[in-house]
Structures are given as structure tokens and as C-alpha cells.
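# What the coordinates show
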Amino acid sequence: MTNLFFTDSRFFTNFLGKTFCPFLLVCLSANILFAQKLDHHDLLLVSISKNTAGGFAISKPQYLSDFNKIGYNNQPNFFSSNEIYLTTQFQNDTNQTEIVSLDLARRSFSRVTRTAEAEYSPTLMPGGKRFSSVRVEADKSQRLWSFPLDRRDAGQPVFPKIKGVGYHCWLSDTLVAMFIVGENDLPHELVLAGTKGQKPLKIASNIGRSLHRLADGRLAFVQKATGTTWFIKTYDPQKKSYEILATTPSESEDFAVLPDGTFLMGQNSKLFALPPGHSTWLLIEDLSKYQVKKITRLAVGSSGQLAMVVN
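Position numbers for residues count from 1 along each chain, tracking the sequence in the order it is written. Selection of residues for local features in this predicted model requires a pLDDT of at least 70, selection of side-chain atom pairs for listing and counting requires 80 or more, and totals for whole chains, interfaces and linings are taken over all residues. By convention in this description, side-chain values take in all heavy atoms of the structure and omit both hydrogens and water.

Let us look at the pairing of strand E3 (residues 72-80). For the exposure calls, accessible area comes from a 1.4 Å probe over protein chains only, and a residue counts as buried if that area is under 20% of its type's maximum, exposed if over 50%, partly exposed in between. In DSSP terms, a helix is any run of H or I states spanning at least four residues, a strand is any run of E spanning at least two, and both are numbered starting from the N terminus. Counting buried residues along E3, 7 of its 9 residues qualify, which places the element largely inside the surrounding structure. Here E3 pairs with strand E4 (residues 83-89) via 6 bridges, running antiparallel. Paired with Asn77 across the two strands is Tyr85, which belongs to E4. Two strands qualify as a pair provided that DSSP identifies no fewer than 2 bridges between them. Two successive antiparallel strands, E3 and E4, enclose a turn made up of 2 residues.

Put into C-alpha cells, the structure is as follows:
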């Protein structure tokens with residue numbers, strides 16, 4: 001696979017930002033017991049736009065993962081039009097994941113966390129001054145944490161008593177949706193919780209890992225009705241109502257949403273779109289021409305960018 005971005009060797013050691021270093025030695029031996037090396041994933045960035053026929057087209061493909069050629073790169077999220085946060089594991093560095101920031105304008109990257117714990121799923125919080133992340137703690141508990149973007153403190157758990165958090169999505173500055181991992185073969189659950197002391201509310205089970213807030217405030221998620229039939233559904237936290245939007249492409253659970261409400265999903269190497277009001281997925285492009293075999297996580301930027309985790 002040809003990497004087209006961050007190819008200058010100067011960028012491989014360009015840790016421009018400060019890093020979270022507290023607790024680096026605390027419980028380090030405990031973390032080593034369950035740390036593991038993760039498979040390599042690449043990050044592909046494209047521009048996406050509507051074409052004259054009313055469909056969609058992609059252009060300007062760039063691979064963003066040359067800074068971590070053999071390591072783990074996953075769960076990208078745009079924090080601005082020129083900055084992506086993602087989950088990374090450097091194969092020659094640590095046995096757990098950390099958060100890294102990619103500066104698309106400067107063509108550089110910086111290490112955001114450097115801790116004894118593993119962090120996943122970086123997400124910009126409402127207000128733009130903090131980001132949230134799932135942290136796997138020394139006792140293997142997975143809790144949602146909040147960190148300052150300016151690195152002024154080491155962060156704190158958002159919901160100290162809620163464990164088993166796998167993924168999350170902020171619906172407002174006080175309300176968050178969380179994928180709670182099912183234990184002992186029980187189904188994964190979708191739970192809403194509020195930072196003002198609201199009691200956690202289970203709203204669905206057998207869900208996928210993608211959670212997105214729509215422009216109208218509804219939560220979009222995947223519900224796995226059977227082993228082969230999966231739906232994109234929405235939940236309105238104000239009306240407490242549900243709506244089925246469409247069936248997903250076969251065995252696809254990762255999606256992103258464009259500003260106009262178009263859903264994007266991948267199936268193997270193919271990228272699909274579902275514009276508002278449509279019931280049939282439209283093929284945008286087969287990315288096998290870029291040596292892509294499978295598309296998983298997707299993230300949409302404010303300037304027509306689409307980041308995809310591929311292998």
C-alpha cells in the first residue's frame with residue numbers, strides 16, 4: 001500500500017504538543033498483564049462532493065498513516081477542519097493505545113496522551129474546550145473520561161460509577177449516549193446518561209458501535225435485529241421516540257453522516273451513500289483501486305473531507 005502523506009521523516013518524531021504524563025509509572029505492571037499488540041490499520045483521507053448527476057464523488061485520496069506504518073490507527077474524529085484525533089498504538093513504543101493528533105495543514109502529528117492506561121475513541125466535547133475518551137483502567141474497567149485540550153490537567157471520569165463503556169456520543173453539553181459492553185454473552189446496550197445527575201436510561205440493545213448525533217438532535221445508531229438483518233435507527237431524546245431509516249449493507253455497522261443528512265457506509269472495499277429520503281444505498285466508488293480491501297470506521301470533516309479506516 002502506497003502511503004501518500006506524512007512521508008517526510010521529520011514528521012516521524014515531530015511531537016509538537018504537550019503530553020499527559022501523570023501516573024506513567026502507577027499500575028504499569030498491572031497494565032502489562034492484559035496489554036496486547038493490535039493489528040495494523042491505515043487511515044485514508046478523501047474529499048467528497050456531489051456530482052452533476054446528483055450522486056457523490058471522491059477525490060484527492062491521501063494515506064495519513066505513514067507516521068505509524070506498522071502500528072494500530074483507528075477511531076478518527078475531526079476536531080476541526082484541519083485536525084484529526086485518533087486512537088494509535090505504536091508497535092515500538094507501548095503495549096496500549098494512546099491518543100494522537102494529526103495536523104492536516106502542517107502535515108505533522110503530535111502525541112496527546114502518554115499514560116499507563118489505554119485510551120480509545122477521542123471525541124470533541126460540546127463547547128470545544130475538552131475531549132472525551134474511553135479509558136481502560138488498571139483493573140480493566142472501561143470508563144468515560146474527560147480531558148482538557150490545553151493539557152492543563154490529567155482529566156477525570158465523566159461518570160465514575162458507569163463501567164463497561166465501549167463507545168460514546170455527546171447529544172448535548174450534559175447528555176451522552178454510551179455503548180455499554182455486554183458481559184457473559186449478554187447483548188451490548190445503548191444507555192443515555194446525564195452529567196447533572198440524571199439516572200442512566202437504557203434505550204436499546206443488540207447495537208452496533210457507531211453512534212452519531214444528527215443535526216436535529218436525534219441519535220443515530222445501528223440495531224442488529226437478527227444475525228443478518230441490521231437497521232439504522234434514530235432515537236429522539238425529547239419525544240422518546242424511535243424511527244427505522246434503512247437496512248444497512250450486509251454486516252456493516254460503521255457509518256458517518258454528511259451535513260445534509262446523507263449517511264455513508266462501507267462494505268468491504270465499496271463506499272455507499274444514503275441521501276435523505278432514499279431507501280436504497282447508492283454506490284459512490286469501489287476503493288479497491290487504492291488497494292483497499294475493507295472500510296470500517298468513518299469520520300466527516302466540516303470542509304468536505306472523509307476519513308476512513310481501511311485495511
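Okay, back to it.
Here we come to the packing of aromatic side chains. Two aromatic rings, taken as a pair, are described by how far apart their centres are and by the angle between their planes. What counts as a ring pair is set by centres within 6.5 Å for rings of Phe, Tyr and Trp (its six-membered ring), and what kind of pair is set by the plane angle: stacked under 30 degrees, edge-to-face over 60, tilted for all other angles. Taken as a whole and judged by the stated rule, the model has 11 aromatic pairs. An angle of 35 degrees between the planes, with centres 6.3 Å apart, marks the rings of Phe90 and Phe109 as tilted. Of this pair, Phe90 sits in the loop between E4 and strand E5 (98-103) while Phe109 sits in strand E6 (residues 108-111), and the two are 19 residues apart along the sequence. Taking relative accessible area as the criterion, Phe109 reaches 1% and is therefore assigned buried. A ring is scored as having a charge over it whenever the NZ atom of a lysine or the CZ atom of an arginine sits within 6 Å of its centre and within 35 degrees of its normal. Geometry around Trp145 places Arg135 over its ring, the cationic atom sitting 4.3 Å from the centre. Here Lys224 stacks its cationic end above the ring of Trp230, 4.3 Å away from the centre of that ring.

On the basis of which strands lie adjacent, the open sheet formed by 4 strands has the order E3-E4-E5-E6 and antiparallel pairing. Each having just a single partner strand, E3 and E6 make up the two edges of the open sheet. The mean angle between the axes of side-by-side strands here comes to 30 degrees, regardless of whether they run parallel or antiparallel. Two strands pair when backbone bridges link them, and E4 and E5 are joined in this way by 6 bridges, in the antiparallel orientation. Residue pairing for E5: Ile84 is matched across the bridge by Leu102. The axes used here are C-alpha line fits, helices contributing only the stretch in contact, and every angle between their N-to-C directions lies in the interval 0 to 180 degrees.

Attention now goes to the environment of Asp66. Residue placement: Asp66 occurs in the loop between strand E2 (56-63) and E3. Through-space distance from the C-alpha of Asp66 to that of Leu43 is 9.1 Å; in sequence the pair is 23 residues apart.

Right, let's get into the sheet that holds strand E14 (residues 201-205). Strand order in this open sheet of 4 strands is E11-E12-E13-E14, and the pairing throughout is antiparallel. Two strands bound the open sheet, and with one partner strand each, they are strand E11 (165-170) and E14. The average angle at which neighbouring strand axes cross in this sheet is 25 degrees, direction not considered. Where strand E12 (residues 175-180) and strand E13 (residues 189-194) come together, 6 bridges link them in antiparallel fashion. Considered in E13, the bridge of Val176 is made with Ala193.

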